[in-house]
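These are the residues of each chain, in order.
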Amino acid sequence: MGFWNILMYAAWALSAVMLAWMVIDAFMVSSQYDEEYLMSSREGGEDVVHGVHMEEENP
Amino acid sequence: MANAAAATTSSKRITMLKVLNPFHIWALGVGIVLVGEFMGWNFTVGKGGAYASLIACWVIGLLYTCVAMIDSEVTSTVAAAGGQYTQAKHIIGPLMAFNVGLYLVMAYTMLCAADALVVGDLMKSGAAVMGFADLDTKPFVVLTVAFLAWLNYRGVFATLTLNLVITFLAFMSLVVLFFAVDPMNQGVVLQHKALLTDLPYGWIGVIASLQFGMWYYLGIEGTCQAAEEVRSAGRAIPIGTLGGMMTLLVAASITWFVASGLMPWQYLGQAVTPMYDAATLLGSSKLQLMLFVATAFAAIASANGCINDASRAWFSLARDRYMPVFFGAIHPRYRTPYRSIIFLVPIAISFAFTGLLDQVITFSILSGLLGYTFMTFNMIKFRKMWPLGSIHRGYIHPFHPLPAITLLALCCATYFATFLGYGATLLSIMAFYILASLWFVFRRYQFVKRADQFTMPWPRPKGY
């Protein structure tokens, strides 16, 4: 088996490892944390200040 | 007491990490685009000759400058993941937002697939040069998507820092190539006088070239997707986006200047890797190797940015329940939209395995173009609903409404150009989005919690 054949098998193997790692980690996170917490983010995050009404800020 | 309860609830919310700076934004925008300078832009030459390509480079450059200015202003105010999707939701309404979100997901996922195909093809070319002719590209296509998805999964800072490094190196390779052709001395290496001809297909060729002119800049608007993860959106988004646009105008002009001075338009118009060919013509193996590596870097940076942007757009759609809310989760340790990242991996790989690079790219370009058209109406409505002085803006673009009107006119010209070359594809994509809209209105929107979509602390818009 030549270098390029080994490289192709290595690419398949490495891809499988990384994809499997992500899927397993995602399952572990789901089992360890509350779904409500995982999906509790709000648009812009918690410290959105850029939309503050200028008249309210400077009465 | 109420304040204490609110603080407790607030502390339990999960957020994305705000760790990015203007350089990361530059890397995200330029990283997605730069592969277009290494390949693809040259199809403009095939459509209308070398001069048509230069006209397309600058006319479409104007289109994207308008896009960058408009995006910078709106995003510096609507600093949320989802970028143009979130803008559309707040400024126009849910149906427009759904469509824009879908444009973004489709455009970036397909572009990611195309980039992975390019990496696979480069591996095949490299193997052929070293004497192995039958390299299967599929494992390298999958590896590219899997590795970049894994990187994106584990955190945005490392993802975009990698983009910063490889995008900068790819850009510098174009600068090195520019100086290698002795640009100040015409006739020594560059042969513009001999190679530049009149417009071979007249002005209709120039119009036709506009479609492929988008390759020079397609994706710079992706900077908006990082708005929720930058330390200061009002500063980082305008600096990163407009700095990226300037970089791309320089890169596009260098690219055209070098390639059109080395190759006749008949060859350049159909070359697969024109910049690598340019380095080959110079007879330097070091330059050849540099351009080979830079092309790979540019394709990887583009795929990396596309995974980042597509996942943020999909995540934002899910967070508002426009798509299954399951995908609106954030990883508690890495603070990334991890379920959206995983979900898009098989889709990108499926598109890549079709091998239809042409169709995939055309779908991506048209989805982008539909998004730019929306921006014109969005911008005009944004200034009407929240005039200057009513809310904070990190950046105010000049000459409003001229950029919006210019953008709309140039989008119309590009639709016509696309119709000339890919009429059937254009109509089928329009049909796809119309069907998706019908599904959203009659089926999906009943699941959306209307009030939960709008959580930005904005003042009531003027006239409402």
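Remember, it's a predicted structure, so these values are computed and weren't measured experimentally.

Glancing now at the overall build of chain B. Tallying secondary structure elements over chain B gives 17 helices and zero strands in all. Along the first, second and third principal axes, the C-alpha set of chain B runs to 80 × 45 × 40 Å. A buried classification covers 57% of the 464 residues belonging to chain B. In chain B, the share of contacts with a sequence separation of at least 24, taken over all contacts with a separation of at least 6, comes to 83%.

To continue, consider the overall build of chain A. In terms of regular secondary structure, chain A is built from three helices and zero strands. Seen in sequence order, chain A has helices and strands lined up from the N terminus as α-α-α. Looking at chain A as a whole, 20% of its 59 residues are labelled buried.

Between chain A and chain B, the residue contacts involve 31 residues of the former and 48 residues of the latter. Of the residues forming the side of chain A that touches chain B, the biggest block, 13 residues, is contributed by helix H1 (residues 3–32) of chain A. Looking at the side of chain A that touches chain B residue by residue, the class counts come to 19 nonpolar, nine polar and three charged.

The periodicity of an α-helix, 3.6 residues per turn, causes residues three or four positions apart to be oriented the same way. Residue and element names in this part refer to chain B. Buried within helix H13 (residues 274–281) are the following residues: Pro 274, Met 275, Tyr 276, Ala 278 and Ala 279. Looking at the buried positions of H13, the neighbouring elements they touch are helix H3 (35–38), helix H8 (156–180), helix H11 (233–260), helix H12 (265–268) and helix H14 (285–319). Phi for Gly 283, located one or two positions after H13, is positive at around 75°.

Let us now look at helix H7 (residues 138–153) of chain B. Residues and elements named next belong to chain B. Between the first and last C-alpha of H7 there are 22 Å, a value that for 16 residues agrees with the 22 Å anticipated at 1.5 Å per step. Where burial is concerned, most of H7 is hidden: 14 out of the 16 residues are buried. With its phi angle positive at about 140°, Gly 155 sits one or two positions after the end of H7.

Residue and element names in this part refer to chain B. In this structure, Cys 112 and Val 145 are the most contacted members of the largest nonpolar core, which totals 180 residues. A total of 22 residues in this core trace back to one element, the largest contributor, which is helix H6 (residues 94–129). Leave out the neighbours within four places in its chain, and Cys 112 touches Val 145, Ala 303, Cys 306, Ile 307, Ala 310 and Ala 348.

The subject of this paragraph is the environment of Phe440(B). Residue placement: Phe440(B) occurs in helix H17 (residues 402–444). Through-space distance from the C-alpha of Phe440(B) to that of Leu111(B) is 24 Å; in sequence the pair is 329 residues apart.

With that settled, the discussion passes to the confidence of the model for chain A. Reading fine detail from the predicted coordinates is not recommended where pLDDT is low. Averaged over every residue, the pLDDT of chain A is 81; residues scoring 70 or more account for 73%. At the level of individual helices and strands, chain A shows its lowest average pLDDT in helix H3 (residues 54–57) of chain A, which scores 42, and its highest in H1(A), which scores 96.

Residues and elements named next belong to chain B. It is at 10 Å that the axes of H6 and H17 come closest, and there the two elements cross at 130°. When the axis of H6 is compared with that of H17, the two are oblique. The chirality of how H6 crosses H17 is right-handed. Along its contact with H6, which presents Leu 95, Phe 98, Asn 99 and Leu 102, the element H17 presents Tyr 433, Ala 436, Ser 437, Phe 440 and Val 441.

All names here are of chain B. His 400 connects to Pro 401 through a cis peptide bond whose omega is 10°. Of note, the phi angle at Arg 321 is positive, near 65°, even though the residue is not glycine. Along the chain, Arg 321 turns up in the loop between H14 and helix H15 (338–354).

Residue and element names in this part refer to chain B. Following both chains from N to C, one finds helix H4 (residues 43–75) and H17 inclined at 135°, their axes separated by 9 Å at the closest point. In terms of their interaxial angle, H4 and H17 are classed as oblique. In the packing of H4 onto H17, the handedness of the crossing is left-handed. Of the residues in H17, those in contact with Val 59, Leu 62, Leu 63, Cys 66, Val 67, Met 69 and Ile 70 of H4 are Pro 403, Ala 404, Thr 406, Leu 407 and Leu 410. In the contact of H4 with H17, the residues fall into 11 nonpolar, one polar and no charged.

Conventions used here
- Residues numbered from 1 in each chain as written.
- Chains lettered and ligands numbered in written order.
- Predicted model: local features only at pLDDT ≥ 70, side-chain atom pairs only at ≥ 80, totals over all residues.
- Helix = DSSP H or I, 4+ residues; strand = E, 2+ residues; numbered from the N terminus.
- Buried ≥ 20, exposed ≤ 12 C-beta atoms within 10 Å, placed from the backbone.
- Contact = placed C-beta atoms within 7 Å.
- Nonpolar A, V, L, I, M, F, W, Y, C, P; charged D, E, K, R; others polar.
- Expected span 1.5 Å × (residues − 1).
- Core = buried A, V, L, I, M, F, W, Y, C linked by C-beta atoms within 7 Å.
- pLDDT = per-residue confidence, 0-100.
- Axes fitted to C-alpha atoms, helices over the stretch in contact; angles between N-to-C directions.
- Parallel < 35°, antiparallel > 145°, perpendicular 65-115°, else oblique.
- Left-handed = near helix turned anticlockwise from the far one by under 90°.

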